[in-house]
Amino acid sequence: MAGAFGNTPLGLSSQILNLGGVLTRKPDLKVPRYQRPYTWTDSEVRELIQDLRAAHDRKAPFYFIGQIVLVKNKGKFEISDGQQRLATLTMLFAYARDRMPARAKPYQTLILDGDAPRLLLRDEDANYFRGMVQEPGQMKALARAQETGNESKDLFALAAHTIETEMAKIEDDRELDGFMSYVARCCTLNVVDADERGCAQTVFHTLNKRGSPLSSADIIKSDLIENSKLSSAEAEAAARKWEEMEALFEREDFAKLLYMMPFLLTGEAIRSPGDLASFRTAIDNAGGVYNFLFEQLPRYALALRSIFAGSINVGPASVEVNRRVALMKQVEKWDWAPAAIAFLAEHSHEPERARKFFQALDRFTFACELAVIDNRVREKRYALAVKKCGDDRALYTEGGLLLSEAENDKFIFNLNRSRPRDRQRRLLMMRLEAAMPGGHLLTMTDDVTVEHVLPKSGGGWWNEHFPDKKLREELTNLLGNLVLITYEQNKDADTKPYPKKREIFFERPNAPVHAVTEDIHQIPDWTFQAIEMRHERLVRILCEDWGLIRGG
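Residues numbered from 1 in each chain as written. Predicted model: local features only at pLDDT ≥ 70, side-chain atom pairs only at ≥ 80, totals over all residues. Heavy atoms only, no water.

For this particular structure, what's the right way to read the overall build of the protein?
If you tally the helices and strands in the protein, you get 27 helices and 10 strands. The globule rule puts the C-alpha radius of gyration for 552 residues at 24 Å, and the 26 Å found for the protein is close to it. Along the first, second and third principal axes, the C-alpha set of the protein runs to 80 × 65 × 55 Å. Here the protein, with 552 residues, has 52% of them falling under the buried criterion. Sequence separation of 24 or more characterises 73% of the internal contacts of the protein that already satisfy a separation of 6 or more. Of the roughly 25800 Å² of accessible surface on the protein, 50% is carried by carbon and sulfur atoms. Across the protein, the centroid of the 76 positively charged side chains sits 3 Å from that of the 80 negatively charged ones. (Helix = DSSP H or I, 4+ residues; strand = E, 2+ residues; numbered from the N terminus. Rg over C-alpha atoms; globule rule 2.2 N^0.38 Å. Buried < 20%, exposed > 50% of the residue type's maximum accessible area, 1.4 Å probe, protein only. Contact = heavy atoms within 4.5 Å. Areas by Shrake-Rupley, 256 points an atom, 1.4 Å probe, with all protein chains shown as cover. Lys, Arg positive; Asp, Glu negative; His and termini not counted. Charge placed at Lys NZ, Arg CZ, Asp CG, Glu CD.)

Would you mind showing me how to read helix α25 (residues 498-506) here?
Two residues of an α-helix separated by three or four positions point the same way, owing to the 3.6 residues in each turn. When we look at burial in α25, the residues that qualify are Y498, K501, R502, I504, F505 and F506. At its buried positions, α25 is contacted by β9 (449-452), α22 (460-465), β10 (482-485), α24 (487-493) and α26 (515-518).

Would you take a moment to explain the side chain of D253 for this structure?
Mapped onto the secondary structure, D253 falls in helix α12 (residues 251-266). Relative accessible area serves as the criterion here: at 18%, D253 is assigned to the buried category. Setting aside anything within four residues of it in sequence, one finds D253 in contact with L304 and F308.

Quick question: what am I supposed to make of the nonpolar core here?
The tendency in soluble globular proteins is for nonpolar side chains to be buried as a group. Formed by 95 residues in total, the largest nonpolar core has its most connected members in L293, F357, F358, L361, F411 and L415. Here this core gets 10 residues from one element, more than from any other, and that element is helix α14 (residues 289-309). Among residues more than four places away in sequence, those in contact with L293 are L224, I225, L230, A238, K241, W242 and P298. Formed by 61 residues, the second largest nonpolar core is a distinct cluster that contains L23, I65, L89 and M91. (Core = buried A, V, L, I, M, F, W, Y, C linked by side-chain atoms within 4.5 Å.)

Quick question: what am I supposed to make of the packing of helix α2 (residues 42-57) against helix α8 (residues 173-186) here?
Each packed pair of helices is defined by two parameters, the angle between the axes and the distance between the axes. Orientation of α2 relative to α8, taken along the N-to-C sense of each, is 100°, at an axis distance of 10 Å. Accordingly, the angle class assigned to the pair α2 and α8 is roughly perpendicular. Taken together, the residues of α8 that come into contact with α2 (itself represented by I49, L52, R53, A55 and H56) are E175, G178, F179, Y182 and V183. Tallied by class, residues from the contact of α2 with α8 come to 6 nonpolar, 2 polar and 2 charged. (Axes fitted to C-alpha atoms, helices over the stretch in contact; angles between N-to-C directions. Parallel < 35°, antiparallel > 145°, perpendicular 65-115°, else oblique. Nonpolar A, V, L, I, M, F, W, Y, C, P; charged D, E, K, R; others polar.)

Looking at this model, I keep getting lost on the environment of K380. Mind explaining?
Mapped onto the secondary structure, K380 falls in helix α18 (residues 375-387). Taking the C-alpha atoms as reference points, K380 and G400, 20 residues apart in sequence, are found 8.5 Å from one another.

Would you explain unusual backbone geometry in this entry?
A negative phi holds for most residues other than glycine; trans holds for most peptide bonds. Each neighbour pair has its own omega, and for K26 with P27 the value is 0°, a cis peptide bond. Considering the arrangement of structural elements, one finds P27 in the loop between α1 (19-23) and β2 (29-30). In this model, K59 sits at a positive phi of 60°, which is unusual for a non-glycine residue. Its place among the elements puts K59 in the loop between α2 and β3 (63-73). On the basis of relative accessibility, which here comes to 71%, the residue K59 falls in the exposed class. Look at N510: it is not a glycine, yet its phi comes out positive at around 70°. With respect to the helices and strands, the residue N510 is situated in the loop between α25 and α26.

Would you explain the packing of aromatic side chains in this entry?
For any pair of aromatic rings, geometry is given as the distance between the ring centres together with the angle between the planes. Within the structure shown, the criterion is met by 20 aromatic pairs. Here F308 and W334 contribute two aromatic rings whose centre-to-centre distance is 5.6 Å and whose plane-to-plane angle is 35°, an arrangement assigned as tilted. With F308 in helix α14 and W334 in the loop between α15 (318-328) and α16 (337-347), this pair connects stretches of sequence that are 26 residues apart. Ring-pair connections join several aromatic residues into one group, and the members of that group are W242, F249, F254, F308, W334 and W336. Its guanidinium or amino end placed over the ring of Y300, R299 lies 5.5 Å from that ring's centre, counting from NZ or CZ. Lying over the aromatic face of F366, R431 brings its terminal NZ or CZ to 5.9 Å of the ring centre. (Phe/Tyr/Trp six-rings, centres within 6.5 Å; stacked < 30°, edge-to-face > 60°. Lys NZ or Arg CZ within 6 Å of the ring centre and 35° of its normal.)

Spelled out as structure tokens, the structure:
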């Protein structure tokens, strides 16, 4: 019935649906070609599974995983927002289907609509996802697939491995079936349907940009101040202190600090940021609300602020520690941050201990980034670094931040491999630049890109000097073949001969020459031997900076 101001505008509708309802809607779901590929790493996949398990174990009536925005187009619902979650959850159902053949049918119903995929990925990924995930019997093989160099395929394999690892913790199939039924029934989304893409874009922008999406921080504030046994004067003082701390950060970053606090205080993560009761329990167990508001939160907030600002003060070790933290900040997942905050809150007055701690944390962070550390133990070891940041004996054991001999060897082995993933390759070159004498501290937003001196695609001059195609492919992505230059230089260098590339690298007006690029100035000819010798030299620089060379 129309109100005084007319009907709701046409073109948009919204409803709350459980996951089973979303996947079995008509028409089926499709990822349009303009969407980015699958990008979730093991951290996001593991976190989603653990959050779902925590909700199931506490018998939560629902677990809300946010909005998805769909556009009706050519007999399908195009996914404008929600691809990563839906693809991961589809893989979760595929794992359950393959592990429990007797219960495969209901799970396969969520994956295929007859012979048609419920979730059709973009064209580049659809066939692979269909063959390895949506068709029965391939999830185990996918979890063990070798790296291909295709980023989305490799991330599907990594997700499958993480799913298998996490779900293997549920040993009883009946328990697994109950959990997966809970996921289909109680995992809940707000589904926004739009009649056209422009409308969907407006909704997506508004959902992500307008209002105060992290208002759960305000709910925590209200609960801690209003529902604790504080006097009126104490409550007013606590509110002022809270506002002082909040003013140090962007709203989103302050909320992240709050969500980290239980982990910082107890070493136990809160799986769902909205689980207010668990948050309060952690605060109570760590000394109570008053202590948290007036002592703990300010101390940890100032530590995190110094990390964001690059102004960590640990006396004579400050330059080195800020250098290491600046590069850890370029890693996508900040799993290292709670340990760094905990240490700085308690031990910033001990420079030599800080020097040792941040070298170990830096080394461990990049060991995780390069898949050296088994993801099954990663969280436990970070948790130990938080709880034992003042206990050197516990920290520098193989169960803490110290790498085992096998991990150490794997780290060095991985540094010697080709780097097929663009982001990881760039990150490692930036890390190398920071470790070199006279090197610069670079960030992912700087005008800096990785140039392959020997081009990936070869070329007339290069094919003549490196006639063995297989050898060219092996050498291309090694550190010894890479330099850092601007985007404009990279575009100009293309597949030009080495002498012409040197002119672009070293004679371009106003273009910076980074230390890792200056390193090739004294190499007149680019040969197999030149690449190999340079590679060994660069890997050794990284190993020495991280303390990977035993006794070195």
